[in-house]
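Coordinates in review
What follows is the residue order along each chain.
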Amino acid sequence: MDYLQIIGGSKLKGAITISGAKNSALPVIASTILSDKPVKLTNLPNVVDIRTLLKLLTMLGGEVKHNKTEAIIDNKNMNSTKAVYEIVSQMRASILVLGPLLARFGECEVSLPGGCAIGQRPIDLHLKALEAMGAKIEIKGGYVRAEAPNGLKGAKIVFDKITVGGTENIIMAGALAHGVTTIINSAKEPEVVQLCEIIRDAGVEISGIGTSTITIKGTSQKPLEFKDIEIIPDRIEAGTYLCAGAITNSSITLKKANATHIQSSIDKLDAMGCNFDIKDNEITIYPTDRLRPINITTTEYPGFPTDMQAQFMAVATMAIGDSLIEERLFENRFMHVSELNRLGADIWLKGSIASVKPVAKLYGANVMATDLRASSALVLAGLVAEGVTNVRRIYHLDRGYDNLEGKLLALGANIKRLSE
Ligand code: UD1
């Protein structure tokens, strides 16, 4: 199995290009099910999760030509509507095929994703909303079986909790439904916005894009004709590299990044004392001599993202005072705490709040990645830890970071991928 070996202490310098957003590419790929014509995608991140979802589409009968950052997907001959456990268990986001499969084919079977390292992650809100659109749903043998033989009906959906995946599933379902679907308390993430925009560009009337009320006028099961789609930049990848700049006290430039999408992270780093130069699609972070402590509460966009919580915790270990980090979205998203403490951090957990006390130094050790973003926090800590840090179980990282070690190497980090 591969692991990353990092020798801490190198200053970073230079520029890297941010890849396309995994969390945008996934719903966009799922949405191609709504079409029976070829769809061209560019700026895909070259990561395992994308390959997993493309594989699922081929298992459903779609034709996929994929070359690292580009794909042409043709779902004309899609002839299966069963998303099997073997794929869904590898990647929870496979649940995103539920809405489009049901909307286009009037039936589908999708394995229940189950929990994961960061929490229970139920899909009850997705199911309740599809039922409100007329679907008959039963859970049997670990699968969600959904039916709407005459198509889904537009409905007023009120999410009692903001859910990114739930909003995306219902946008896709609503696009082919009969009548108008209104989603109240919808997610506003940039990835949700991109999904709405490509569906709008495919001729569907959608209003309220980027707000908490989205209205979609369905095509009554007429498949969509998508224009070519360029995936937006990955805001979490960008935020992670800004954290790399902050923790190593270095100057780094991110190209093809969208600063607006990571304003909350930039604001927090600014409060910690980092300086920025932001122009067009480029963000440069400049070092500070004294990293100030920070208070963070994770919340929905445009608030501080849960997907940046672990990375900021790594940075906070190097601040000059006590930081507080509260996780509000996922009940178990603190698995990186004990691993960071193995590197010499001084972090205490009480319920959903982590108190991060400053330490003079981190020291290299063997650590284990527990989920995607936790893994990148360990890499960030390794960049400043004295000596050698080995980060194991990096298959988590490979799911979502495009060439992490290559990009860090280009910035001057002492990092290599090894096999054991
Ligand atoms: C997406 C992102 C993930 C990010 C998360 C929150 C993708 C592929 N993944 O995950 O990286 O961390 O948003 O920004 O885009 N919930 C329910 N019932 C449901 C659905 C969700 O209770 O039916 C709860 C979840 O357990 C969680 C909260 O709602 O506590 C938000 O989850 P949600 O926004 O749905 O996350 P995902 O779409 O799974």
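Refer to the structure above for everything that follows.
First, a word on scope: everything that follows refers to the structure included in this document. (Residues numbered from 1 in each chain as written. Predicted model: local features only at pLDDT ≥ 70, side-chain atom pairs only at ≥ 80, totals over all residues. Heavy atoms only, no water.)

Quick look at the side chain of Lys-22
Within the fold, Lys-22 resides in helix α1 (residues 22-31). In this structure Lys-22 touches Pro-45, Asp-49, Ile-50, Asp-234, Leu-372, Arg-373, Arg-399 and Gly-400, once residues within four positions along its chain are discounted. (Helix = DSSP H or I, 4+ residues; strand = E, 2+ residues; numbered from the N terminus. Contact = heavy atoms within 4.5 Å.)

Digging into the state of the cysteines
When the sulfur atoms of two cysteines share a covalent bond, that bond is a disulfide. Taken as a whole, this structure holds zero disulfides when the rule is applied. You can see Cys-243 has no disulfide; the closest cysteine sulfur is in Cys-274, sitting 8.6 Å from it. Take Cys-243: its relative accessible area is 0%, and that puts it in the buried class. (Disulfide = S-S within 2.5 Å. Buried < 20%, exposed > 50% of the residue type's maximum accessible area, 1.4 Å probe, protein only.)

Considering the side chain of Arg-373
Looking at the element boundaries, Arg-373 is found in helix α12 (residues 372-384). Despite its burial, Arg-373 pairs with no opposite charge; the closest candidate is Asp-307, at 4.3 Å N-O. Excluding residues that lie within four positions of it along the chain, Arg-373 makes contacts with Lys-22, Ile-236, Asp-307, Ala-310, Gln-311, Arg-333 and Tyr-401. (Lys, Arg positive; Asp, Glu negative; His and termini not counted. Salt bridge = Lys/Arg side-chain N within 4 Å of Asp/Glu carboxyl O.)

Observations regarding the layout of surface pockets
Of the volumes computed, that of the second largest pocket is approximately 240 Å³. In this structure, the second largest pocket is lined by 14 residues; those nearest its centre are Ile-247, Thr-248, Asn-249, Met-318 and Val-384. Secondary-structure elements contributing two or more residues to the lining of the second largest pocket are α8 (235-248) and α12. Of the residues forming the lining of the second largest pocket, the biggest block, three residues, is contributed by α8. Here the residues of the lining of the second largest pocket are counted per class, giving six nonpolar, five polar and three charged. (1 Å grid on protein atoms, 1.4 Å probe; cavity = no way out; pocket = protein on both sides within 12 Å on 5 of 7 lines; lining within 4 Å. Points joined across faces, edges and corners; volume = space filled by probe spheres on them. Nonpolar A, V, L, I, M, F, W, Y, C, P; charged D, E, K, R; others polar.)

A word on the site of the ligand
Neighbouring the ligand are 19 residues; Asp-124, Thr-163, Gly-165, Asp-307 and Leu-329 lie closest to it. Within the backbone of Pro-122, an N or O atom sits 3.3 Å from an oxygen atom of the ligand. One nitrogen or oxygen atom from the side chain of Asp-124 is found 2.7 Å from a nitrogen atom belonging to the ligand. Considered on its own, the ligand offers 740 Å² of accessible surface; in the complex 87% of this is hidden by protein. For the shell around the ligand, the elements supplying multiple residues, two or more each, are α5 (124-132) and α6 (164-176). For the shell around the ligand, the per-class residue count stands at eight nonpolar, five polar and six charged. (Near = heavy atom within 4 Å. Polar contact = N/O pair within 3.5 Å; in protein donor to acceptor, adjacent residues only side chain to side chain. Areas by Shrake-Rupley, 256 points an atom, 1.4 Å probe, with all protein chains shown as cover.)

What to know about helix α7 (residues 190-201)
An ideal rise of 1.5 Å per residue puts 16 Å on 12 residues; α7 measures up with 16 Å between its terminal C-alpha atoms. Those residues of α7 that fall on the buried side of the exposure criterion are Pro-190, Glu-191, Val-192, Gln-194, Leu-195, Cys-196, Ile-198 and Ile-199. The inward-facing, buried residues of α7 abut α1, α6, β12 (205-207), β13 (213-217), β14 (229-230) and α8. Count one or two residues on from α7 and you reach Gly-203, which has phi positive near 105 degrees. (Expected span 1.5 Å × (residues − 1).)

As for the packing of helix α4 (residues 98-105) against α6
One way to put it is that α4 packs onto α6 with a least axis distance of 7 Å and a crossing angle of 15 degrees. Considering the angle they form, α4 stands roughly parallel to α6. Here the hand of the crossing between α4 and α6 comes out right-handed. Of the residues in α6, those in contact with Leu-98, Gly-99, Pro-100, Ala-103 and Arg-104 of α4 are Asn-169, Met-172, Ala-173 and Leu-176. (Axes fitted to C-alpha atoms, helices over the stretch in contact; angles between N-to-C directions. Parallel < 35°, antiparallel > 145°, perpendicular 65-115°, else oblique. Left-handed = near helix turned anticlockwise from the far one by under 90°.)

Description of the pattern of salt bridges
All told, the structure shown has 19 salt bridges when counted by the stated rule. One salt bridge connects Asp-36 with Lys-37, and the closest N-O pair in it is separated by 3.7 Å. With relative accessibility at 25%, the residue Asp-36 sits in the partly exposed group. A salt bridge links Arg-328 to Glu-326; the nearest nitrogen and oxygen atoms lie 3.4 Å apart. Residues joined by salt bridges that share partners form a network here, namely Asp-2, Asp-398, Glu-405 and Arg-417.

Remarks on the sheet that holds strand β3 (residues 39-42)
Each strand in a sheet pairs with another by means of backbone hydrogen bonds, the pair being arranged parallel or else antiparallel. Taken in spatial order, the four strands of this open sheet run β4-β5-β3-β14, and their pairing is mixed. At either margin of the open sheet sits one strand with a lone partner, and together these are β4 (63-67) and β14. Alignment of β3 against β14, held across two bridges, turns out to be parallel. Across the sheet, the residue bridging to Thr-42 is Glu-230, located in β14. Relative to β4, helix α2 (residues 48-59) is tilted by about 155 degrees, and along the sheet it contacts β4 and β5 (70-74). (Pairing = 2+ DSSP bridges.)

Let's talk about the packing of aromatic side chains
This model, assessed by the stated rule, comprises one aromatic pair. With a centroid separation of 5.0 Å and 85 degrees between ring planes, the pair formed by Phe-304 and Phe-312 is classed as edge-to-face. Here Phe-304 matches Phe-312 in class, with each residue buried. Here Lys-82 stacks its cationic end above the ring of Tyr-143, 4.7 Å away from the centre of that ring. For the cation-ring pair, Arg-392 lies above Tyr-3, with the distance from its terminal atom to the ring centre recorded as 4.6 Å. (Phe/Tyr/Trp six-rings, centres within 6.5 Å; stacked < 30°, edge-to-face > 60°. Lys NZ or Arg CZ within 6 Å of the ring centre and 35° of its normal.)

Focus on the environment of Lys-188
Inspection of the secondary structure assignment puts Lys-188 in the loop between β11 (180-184) and α7. Separated by 106 residues in the primary sequence, Lys-188 and Lys-82 place their C-alpha atoms 29 Å from one another. Filtering out sequence-adjacent residues up to four positions away, Lys-188 remains in contact with Val-193, Gly-210, Thr-211, Ser-212, Tyr-301 and Pro-302.

Here we look at the sheet that holds strand β10 (residues 156-158)
Pairing is mixed in the open sheet, where four strands are placed in the order β10-β11-β13-β12. On the outer flanks of this sheet lie β10 and β12, each paired with one strand and no other. Sheet twist, expressed as the mean angle between neighbouring strand axes with direction ignored, is 15 degrees. Taken together, the three bridges between β12 and β13 define a ladder with antiparallel strand orientation. Paired with Ile-206 across the two strands is Ile-216, which belongs to β13.

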